[in-house]
Amino acid sequence: MLVLSGSSARKTHVSAGLDRAWGVVENFAELFAELPDVETVERYPGDVIRVILKRIGAMGYGIHLAYDLQITLEPHCRLLARSLPFDPQDAWIGEGILLAHYSSETRLISHAEGTALEHDMDVEIRLPMPAILRFAPRSLVKSTGDALMEQKITYFADQMTRLFRDALS
């Protein structure tokens, strides 16, 4: 297994008040569903959402990353999203689906000019080594994979920031 990880921290200021900004943040699932790389977002009881990303890969190898997230809301203050423990017997996990560990914390802070949004995100993927890379130096594959992971997380964070700002404009 190849373990890839990445993280992002963003701080955004908007002129909207706390109530209006919270109205966007508390609808995290709808906002997440608008990301260009997200294929589906499904809601389940108990503030659980399943996120499946569009297929990624190259040279005939491809997977869909997926997360089952527990959402915890502290109204007008904070939203936590954490991966649920994996159940390898879960029937929805099939060929081409790879579960990833995801955690994020989104905090809202009211100030005179509007609202500050602080968003921290961490992702970890345990990826079976594609056959084409099995003979490549593991350190090279790991460093390249981590760099690609950081790039993708930065892209996601930028897109989330854009969607948040657009929703409040």
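Residues numbered from 1 in each chain as written. Predicted model: local features only at pLDDT ≥ 70, side-chain atom pairs only at ≥ 80, totals over all residues. Heavy atoms only, no water.

Focus: the overall build of the chain
Piece 1. The helix and strand inventory of the chain stands at 3 helices and 8 strands.
Piece 2. Shown N-terminal to C-terminal, the secondary structure of the chain runs as helices and strands in the order β-α-α-β-β-β-β-β-β-β-α.
Piece 3. A buried classification covers 43% of the 169 residues belonging to the chain.
Piece 4. Considering only residue pairs separated by 6 or more positions, the chain has 60% of its internal contacts joining residues 24 or more positions apart.
Piece 5. Accessible surface computed for the chain: about 9,200 Å², of which carbon and sulfur atoms make up 56%. (Helix = DSSP H or I, 4+ residues; strand = E, 2+ residues; numbered from the N terminus. Buried < 20%, exposed > 50% of the residue type's maximum accessible area, 1.4 Å probe, protein only. Contact = heavy atoms within 4.5 Å. Areas by Shrake-Rupley, 256 points an atom, 1.4 Å probe, with all protein chains shown as cover.)

Topic: the pattern of salt bridges
Piece 1. Per the stated rule, a full pass over the model turns up 13 salt bridges.
Piece 2. Between Arg-107 and Glu-105 there is a salt bridge, with its nearest N and O atoms 3.5 Å apart. (Salt bridge = Lys/Arg side-chain N within 4 Å of Asp/Glu carboxyl O.)

Details of the environment of Met-1
Piece 1. The residue Met-1 is located in the segment before β1 (2-14) in this model.
Piece 2. A C-alpha to C-alpha distance of 9.5 Å links Met-1 and Ile-125, two positions 124 residues apart in sequence.

Re the confidence of the model for the chain
Piece 1. For the chain, mean pLDDT is 85; residues scoring 70 or higher make up 90% of the total.
Piece 2. Within the chain, strand β4 (residues 56-58) has the poorest average pLDDT of any element, 65, and strand β6 (residues 78-83) the best, 94. (pLDDT = per-residue confidence, 0-100.)

Some details on the nonpolar core
Piece 1. Ranked by internal contacts, the top residues of the largest apolar core, which has 43 residues, are Phe-28, Leu-69 and Tyr-102.
Piece 2. Setting aside its immediate chain neighbours within four residues, Tyr-102 contacts Phe-28, Phe-32, Tyr-67, Leu-69, Ala-81, Arg-82, Ser-83, His-119, Met-121, Asp-122 and Val-123. (Core = buried A, V, L, I, M, F, W, Y, C linked by side-chain atoms within 4.5 Å.)

Points about the pairing of strand β7 (residues 97-111)
Piece 1. Note that β6 and β7 share 5 bridges and pair antiparallel. Looking at the pairing, Ala-81 lines up with Ser-104 of β7.
Piece 2. As paired elements, β7 and strand β8 (residues 114-127) share 12 bridges and run antiparallel to each other. The residue of β8 that forms the bridge with Leu-108 is Leu-117.
Piece 3. Between the end of β7 and the start of β8, which pair antiparallel, lie 2 residues. (Pairing = 2+ DSSP bridges.)

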